[in-house]
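Each chain, letter by letter, is given below.
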Amino acid sequence: MSYQPRDLQPVYDPASGYTHFVLYTEPKYGVVGAAWNGTVSIERESPYVQEWLGRLQPCAPNTLHTTLVAPDKIAYLFHACVDDDKDSPSAVGGSGCVCFKTFMDPEFGLPVVADHYRTVGGNIDQWTYKAYAPLDLRPDDEFHRLIIDRRSGMFWIRTRDGLLSILPEENGRAYGSGYGGGGPSELARYITTLLDSGGENTAAAGDRRHDAQPDPKVFAWVSGEAATRTQELSYEDLAAIQRG
Ligand SMILES: [Zn+2]
């Protein structure tokens, strides 16, 4: 990694919880963004998405939320939905809406922005959720299941305590399955490291050696038809895939 943190002050307060999150900004370029955490955009709902949405807590927009929208949209974070104020700056023609709503995930301390798009008259009315993946599970979390969520296109981890987490992901290293390419390679690499560590290493793929290659049998499975279905995979299931 060529980047050398200069002004970054890692903050860790055991009394207020632990967050695998790093914020990196380059205000001199007029850009605010995150350099380490992968971003996810959830456009289709599923039972897993519903479960995750169910624990989010609505809150006022804060600095972290501004990193999830384009710089010229930051002001919109503070505008009401047309449902609450038909004269809101985000309202369109009295019934359409382009508002945002802001949340925090209380388990990981990560920001979530819901992006509303409703056409005038309401023929199209949808919410897209933008969020950060954590870089790892929390220190006391244990791996229980890797979840391929076909309906939403998401990948999740269920911990031994039953908590659902977005699969830890580094910026620029999005996961995929069911085709050959970079996304499935990243997922196979994640699974390979998880297996090599006996289920202990749940950190994002970016923590691995740059030249680390996924196990060929795991990569073949992740790239194939079998990995396109929604499924929950235990450590033993993944180990069986690696054995081929
Ligand atoms: Zn709205």
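Residues numbered from 1 in each chain as written. Predicted model: local features only at pLDDT ≥ 70, side-chain atom pairs only at ≥ 80, totals over all residues.

**Things to note about the nonpolar core**
Ranked by internal contacts, the top residues of the largest apolar core, which has 41 residues, are Met154 and Ile191. Sorting elements by how many residues they give to this core places helix α3 (residues 182-196) first, with five residues. Residues from two domains meet in this core; each of domain 1 (14-132) and domain 2 (143-243) gives at least three. Contact partners of Ile191, with chain neighbours within four places excluded, come to Leu146, Val218 and Leu238. (Core = buried A, V, L, I, M, F, W, Y, C linked by C-beta atoms within 7 Å. Buried ≥ 20, exposed ≤ 12 C-beta atoms within 10 Å, placed from the backbone. Helix = DSSP H or I, 4+ residues; strand = E, 2+ residues; numbered from the N terminus. Domains from an automatic or database assignment. Contact = placed C-beta atoms within 7 Å.)

**Brief notes about helix α4 (residues 216-223)**
Taken residue by residue, α4 has Val218, Trp221, Val222 and Ser223 as its buried positions. Here the buried face of α4 lies against α3 and α5 (235-243).

**Details of the sheet that holds strand β12 (residues 164-166)**
Overall, antiparallel pairing links the four strands, which are arranged β12-β11-β10-β13 in an open sheet. Strands at the two margins of the open sheet, each flanked by one partner only, are β12 and β13 (231-233). Strand-to-strand, the axes of this sheet are offset by a mean angle of 30 degrees, without reference to chain direction. Note that strand β10 (residues 143-149) and β13 share three bridges and pair antiparallel. For Ile148, the partnering residue across the bridge sits in β13 and is Gln231. (Pairing = 2+ DSSP bridges. Axes fitted to C-alpha atoms, helices over the stretch in contact; angles between N-to-C directions.)

**As for the packing of α3 against α4**
Taken N-terminus to C-terminus, the directions of α3 and α4 make an angle of 135 degrees; their axes are 9 Å apart at the nearest point. Between α3 and α4, the angle is such that the two are oblique. Relative to α4, α3 is oriented so that their crossing is right-handed. Contacts between α3 and α4 pair Pro184, Ser185, Leu187, Ala188, Ile191 and Thr192 from the former with Val218, Phe219, Val222 and Ser223 from the latter. (Parallel < 35°, antiparallel > 145°, perpendicular 65-115°, else oblique. Left-handed = near helix turned anticlockwise from the far one by under 90°.)

**Overview of the environment of Ala220**
Within the fold, Ala220 resides in helix α4. Each C-alpha atom, one on Ala220 and one on Ala188, is 8.6 Å from the other, the two residues being 32 residues apart in sequence.

**Describing the confidence of the model for the protein**
Taken over all residues, the pLDDT of the protein has a mean of 87, while the share at 70 or more is 83%. Note that pLDDT drops below 50 for residues 27-32; the model gives that stretch eight contacts with residues more than four away or on any other chain. (pLDDT = per-residue confidence, 0-100.)

**Focus: the environment of Leu167**
Here Leu167 shows up in the loop between β12 and α3. For Leu167, a count of 24 C-beta atoms within 10 Å translates into the label buried. Linking Leu167 and Phe155, residues 12 residues apart in sequence, is a C-alpha distance of 5.6 Å. Residues within four places of Leu167 in sequence aside, it is in contact with Ala133, Phe155, Trp156, Ile157 and Tyr175.

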